[in-house]
Amino acid sequence: MDMTRPAHVPLVANHRQRLVIFCFLLTALFMATLDNQIVSTALPTIVGEFGELERFGWIGSAYLLASSTSMPIYGKLGDLFGRKYVMLAAIVIFTVGSLTCGLAWSMDSLIASRVLQGFGGGGIMVSIFSINADLFEPRERAKYQSYSSLVIMASGSLGPLLGGTMSELFGWRSIFLINLPIGIIAVTGISLLLPYRRPIRKPKIDYLGAVLLAGTVASVVVWADSVTLFGSLVAWQSMVVVAAGALCAVVWVFIEGKVPEPIVPLKLFRDSTFSLFLIVSFCTGAVAIGMANYFALFLQTTTGLSPTTASFCFVATTLGIVIGSLSTGRLISITGRYKPFTLIGLSLNIVALFIFSQLPVGTPIYVILGFMLMQGLAIGFGQQAPIIGVQNSAPREDVGAATGAVTLMRMAGASIAISVYGAIVAAGIRGVGTSIPGVEDIGSLTPLMMLALPEPSRIAVHTLYTEAFTPVFMAGSAMALIGLIAALMLKPVRLPQAVIAEKKPATASE
């Protein structure tokens, strides 16, 4: 079946101007996504200054919570008020939050500043994909979305390395303060070059719907982190959070069906493409972003690699992502088809993660690198289609809301998967360690301490962690299978051909 939509005329007719604007957008995106990763290796230094080790997890969770809850809201605000000023507001909020993080005087002030940063970061991530929909026609958009995806994945690979290096050379505050000049450059470029397209409809903000949606998303994120907060995913406090989130979700659905401008229009669910891509996006977030957080731990605990050496192994995954993402972007641009690449990506994910679950202790590192390359290819092939698909299926006036929803589902999948994978690993090593000579508490065994163990003890630790990671990779493979089933039900849509826009400069009111 061949389904097309009306032709799309780009917001900016001049191709060179579009490229310059896109570069400024990528600058803002790199800043926002890098900051979610760069803080990880600086956490020990931060805890050393402020103390309160039991709360250090909230430095990352606060950012994730704020960015996730704000994503759909920013998407809708862009539809109502125009994406230019919503994007600029998000960059300013993020930059101010970076400044307050760099000036933090206590753990409480740092966590509060990370919330402010997250509110800006969520808006940046959603707005750039929505602005891409205005700048590029659907087929050309696939190529440029691949560059955006590469920036996100590159920030994930470079973040830990930059965080450790900068905190060691210049102090941990530098990882936040570096965002000030970057934010100023991005705001200046976008302000001067990106035209403002005024929406034709009168803005009516769904305040109650925004609060209820934020409450629903916040409940999911808090529940996903409840192992750290409450000790278990099924603790009574966790169940209270789940009940509160379910109540917010039910009331939100009721409200969204009544208001004139819902945050996520329920009419979007009439097209199965939107609903199915929400499932696909959730699953790809779980196996791409969520699993990435555990590959470093897997490498260090099952092969004995040092943290530095393990970080370089991610070059294989990054190379796969680059090859898969760029190839997919160009092929979608040429063929107009995105479903086949979704199927290929998820199928590769299933195979790669299943193979990881079967690797024995002592597997040569070059073999592991080969499968990490395969996992990177899987991520690169599958990460673009959800956004391209929902933007093509949604009415033009709801592109921002649809983009925000699918981006949110990706982050929700990552958040829940990170906690579930962590709980599985913890269950696999719980109560073990005293039987291994030289190991009193295996949970506190650092990679450097592991390298110092006698060889029999080190092999015993490697074996234990290999067995603990087996169900983690099986769970990831099962999650990819769920995404593949949803992707198989997608319509075989073909993106519309490009339209030759009139050669006239864009005006401020365009």
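Details of the structure are given in the entry above.
Description of the structure in this document. (Residues numbered from 1 in each chain as written. Predicted model: local features only at pLDDT ≥ 70, side-chain atom pairs only at ≥ 80, totals over all residues. Heavy atoms only, no water.)

Across its full length, the protein carries 19 helices and 0 strands. Long-range pairs, those at least 24 residues apart, make up 83% of the contacts in the protein between residues at least 6 apart in sequence. Summed over all atoms, the accessible surface of the protein reaches about 20900 Å², with 71% contributed by carbon and sulfur. (Helix = DSSP H or I, 4+ residues; strand = E, 2+ residues; numbered from the N terminus. Contact = heavy atoms within 4.5 Å. Areas by Shrake-Rupley, 256 points an atom, 1.4 Å probe, with all protein chains shown as cover.)

End to end, helix α8 (residues 179-193) covers 21 Å across 15 residues, agreeing with the expected 21 Å (1.5 Å per residue, within 8%). Turning to α8, its buried residues are N179, G183, A186, G189 and I190. The buried residues of α8 occupy an angular sector of 140 degrees when projected down its axis, which confines them to one face. Residues I184, I185 and L192 are exposed on α8 and point more than 90 degrees away from its buried face. (Expected span 1.5 Å × (residues − 1). Buried < 20%, exposed > 50% of the residue type's maximum accessible area, 1.4 Å probe, protein only. Arc of directions from axis to C-beta.)

All chains considered together, the criterion is met by 3 cavities of 30 Å³ or more. Surrounding the largest cavity, F298, T302, T303, L359, P360, V361, G362, T363, I368 and T466 form its lining. In terms of residue class, the lining of the largest cavity is made up of 5 nonpolar, 5 polar and no charged. Of the pockets and cavities examined, the second largest cavity occupies roughly 60 Å³. Residue lining of the second largest cavity: T284, V287, A288, G345, L346, N349, A378, I379, G382, Q383 and R410, and that is the complete set. Listed by contribution, the elements that provide at least two residues to the lining of the second largest cavity are α12 (272-302), α14 (339-358) and α15 (365-382). Across the lining of the second largest cavity, the residue classes tally to 5 nonpolar, 5 polar and 1 charged. (1 Å grid on protein atoms, 1.4 Å probe; cavity = no way out; pocket = protein on both sides within 12 Å on 5 of 7 lines; lining within 4 Å. Points joined across faces, edges and corners; volume = space filled by probe spheres on them. Nonpolar A, V, L, I, M, F, W, Y, C, P; charged D, E, K, R; others polar.)

With that settled, consider the layout of surface pockets. Approximately 470 Å³ is the volume attributed to the second largest pocket. What lines the second largest pocket is a set of 24 residues, and nearest its centre among them are L213, T216, V217, V220 and M409. Taken together, the elements giving at least two residues each to the lining of the second largest pocket come down to α9 (207-224), α11 (236-256), α12 and α17 (399-429). The element contributing the most residues to the lining of the second largest pocket is α11, with 7 residues. A per-class count over the lining of the second largest pocket returns 21 nonpolar, 3 polar and no charged.

What follows is about the packing of aromatic side chains. According to the stated counting rule, one finds 8 aromatic pairs in the structure shown. These aromatic residues form a ring-pair network of at least three members: F298, F356, F371, F469 and F473. (Phe/Tyr/Trp six-rings, centres within 6.5 Å; stacked < 30°, edge-to-face > 60°.)

Our next topic: the nonpolar core. Core analysis: the largest hydrophobic core is formed by 103 residues, its most contacted members being M87, I124 and F356. Considering every element that reaches this core, the biggest residue donor is α12, with 13 residues. I124 has contacts with A28, L29, M31, A32, M87, A90, I91 and F94, leaving out every residue within four places of it along the chain. Ranked by size, the runner-up nonpolar core spans 16 residues in total, among them A104, W172, I175 and F176. (Core = buried A, V, L, I, M, F, W, Y, C linked by side-chain atoms within 4.5 Å.)

This part covers the pattern of salt bridges. Across all of its chains, the model carries 1 salt bridge by this definition. For K491, the salt bridge identified is with D271, shortest N-O distance 3.4 Å. Of this pair, K491 sits in the segment after α19 (455-488) while D271 sits in the loop between α11 and α12, and the two are 220 residues apart along the sequence. Given a relative accessible area of 24%, K491 falls into the partly exposed group. (Salt bridge = Lys/Arg side-chain N within 4 Å of Asp/Glu carboxyl O.)

Taken together, V92, V96 and L116 make up a surface patch of nonpolar side chains, about 210 Å² in accessible area. Turning to its location among the elements, V96 is positioned in helix α4 (residues 83-102). Exposure remark for V96: the relative accessible area of 41% places this residue in the partly exposed category. (Patch = residues over 30% accessible without salt bridge, like charges linked within 9 Å, V, L, I, M, F, W, Y side chains within 5 Å.)

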